[in-house]
Amino acid sequence: FLTRSIARPRAGCADYEKGRKNMNNVQKLLAEEKVQKADKTFLIFLRYYGCTICQLDIRAYRENYQKFLDKDAQILLVLQSAPATIAESITEEELRFEVACDPEGKLYDLYQVGAARSKLGLASIKTIRKIQAAKKLGLEHGAYEGNELQLPAVFLLDRGMNVVYAHRAKNAGDMPEIADLLAKL
């Protein structure tokens, strides 16, 4: 369930040719045939698997994944985590969608997914609420990986790999709700 093909951003993303030259050592994501499996693909960038907010978001995507499939859409998830972390933390059956591990942040750079300037920049009321919800569910923070200040993002791609919707988070909790994503389909 760890993918091995290259992302190809278009409108509103970093220059593809420049980005492609820097992709050689990255866990690859998103071959066109993978995107063409569904009418629309949500390319979701989270921080890393140990982040409790990310665990909460992954759980929500997993629990609602059938709703995406019912609308001929899929999720491809990008994390800063190492493949070994994902393999130790969750099974393919539990996850239900594919994950690209990008510990070097090359895909984040390619899609211009920024980072906060400080830990304070990660915070918001929504971030605090998500942390509280994660704690209520018994989710615990795991290993720190990648850039701790990394922000999340979501891109909706059509079959031609055109970016038809983009959301770059302003803080760690600033991701669209499931209903909002489904409404984009």
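Predicted, not measured: the structure shown is a model, and the values here were computed from it. (Residues numbered from 1 in each chain as written. Predicted model: local features only at pLDDT ≥ 70, side-chain atom pairs only at ≥ 80, totals over all residues. Heavy atoms only, no water.)

### A word on the packing of aromatic side chains
Alright, step 1. Counted according to the given criterion, the structure contains 7 aromatic pairs.
Alright, step 2. Ring centres of Phe45 and Phe155 lie 5.8 Å apart, and the angle between their planes is 85°; this geometry places the pair in the edge-to-face category. In this pair, Phe45 sits in strand β1 (residues 40-45) while Phe155 sits in strand β4 (residues 153-158), placing the two residues 110 residues apart along the sequence.
Alright, step 3. Residue classification places Phe45 among the buried residues on the basis of a relative accessible area of 0%.
Alright, step 4. When the ring of Tyr48 is compared with that of Tyr144, the centres are 6.1 Å apart and the planes differ by 45°; the resulting orientation is tilted. Remark: Tyr144 occurs in the loop between α8 (125-136) and β4 and Tyr48 occurs in the loop between β1 and α3 (52-63); sequence separation between them is 96 residues.
Alright, step 5. Here Tyr48 falls in the buried class, since its relative accessible area comes to 0%.
Alright, step 6. Since its relative accessible area comes to 59%, Tyr144 is described here as exposed. (Phe/Tyr/Trp six-rings, centres within 6.5 Å; stacked < 30°, edge-to-face > 60°. Helix = DSSP H or I, 4+ residues; strand = E, 2+ residues; numbered from the N terminus. Buried < 20%, exposed > 50% of the residue type's maximum accessible area, 1.4 Å probe, protein only.)

### Focus: the sheet that holds β4
Alright, step 1. Taken together, 5 strands build an open sheet; the order of strands is β3-β2-β1-β4-β5 and the sheet is mixed. The two strands at the open ends of the sheet, each matched to only one other strand, are β3 (98-101) and β5 (163-168). Each strand of the sheet is rotated relative to its neighbour by a mean of 15°, with strand direction disregarded.
Alright, step 2. Bridging between β1 and strand β2 (residues 73-79) involves 6 bridges; their strand directions are parallel. What sits directly across from Phe45, in β2, is Val78. (Pairing = 2+ DSSP bridges. Axes fitted to C-alpha atoms, helices over the stretch in contact; angles between N-to-C directions.)

### A few points about α8
Since the α-helix advances by 3.6 residues per turn, residues separated by three or four positions end up pointing in the same direction.
Alright, step 1. With 12 residues, α8 should cover 16 Å at 1.5 Å per step; its first-to-last C-alpha distance of 17 Å lies within 8% of that length.
Alright, step 2. Burial in α8 covers these residues: Thr127, Lys130 and Ala134. Down the axis of α8, the buried side of the element spans an arc of 65°, and every buried residue falls inside it. Counted as exposed and oriented over 90 degrees from the buried face of α8: Ile125, Arg129, Gln132, Lys135 and Lys136.
Alright, step 3. At its buried positions, α8 is contacted by α3.
Alright, step 4. One side-chain oxygen at the N-terminal end of α8 lies 3.3 Å from the backbone nitrogen of Lys126; it belongs to Ser124.
Alright, step 5. Of the residues trailing α8, Gly138 is marked for its positive phi of about 80°. (Expected span 1.5 Å × (residues − 1). Arc of directions from axis to C-beta. Contact = heavy atoms within 4.5 Å. Polar contact = N/O pair within 3.5 Å; in protein donor to acceptor, adjacent residues only side chain to side chain.)

### A closer look at the environment of Pro103
Alright, step 1. Note on placement: Pro103 falls in the loop between β3 and α7 (106-110).
Alright, step 2. Among the residues examined, Pro103 registers a relative accessible area of 45% and is labelled partly exposed.
Alright, step 3. Residues Pro103 and Glu145 lie 42 residues apart in sequence; the distance between their C-alpha atoms is 7.3 Å.
Alright, step 4. Look past the residues within four positions of Pro103 in its chain and what remains in contact with it is Leu79, Gln80, Ser81, Ala82 and Gly146.

### Structural notes on the side chain of Gln150
Alright, step 1. On the secondary structure map, Gln150 appears in the loop between α8 and β4.
Alright, step 2. Judged by relative accessible area, which is 6%, Gln150 ranks as buried.
Alright, step 3. A polar contact of 2.8 Å, which involves the side chain of Gln150, links it to the backbone oxygen of Gly114.

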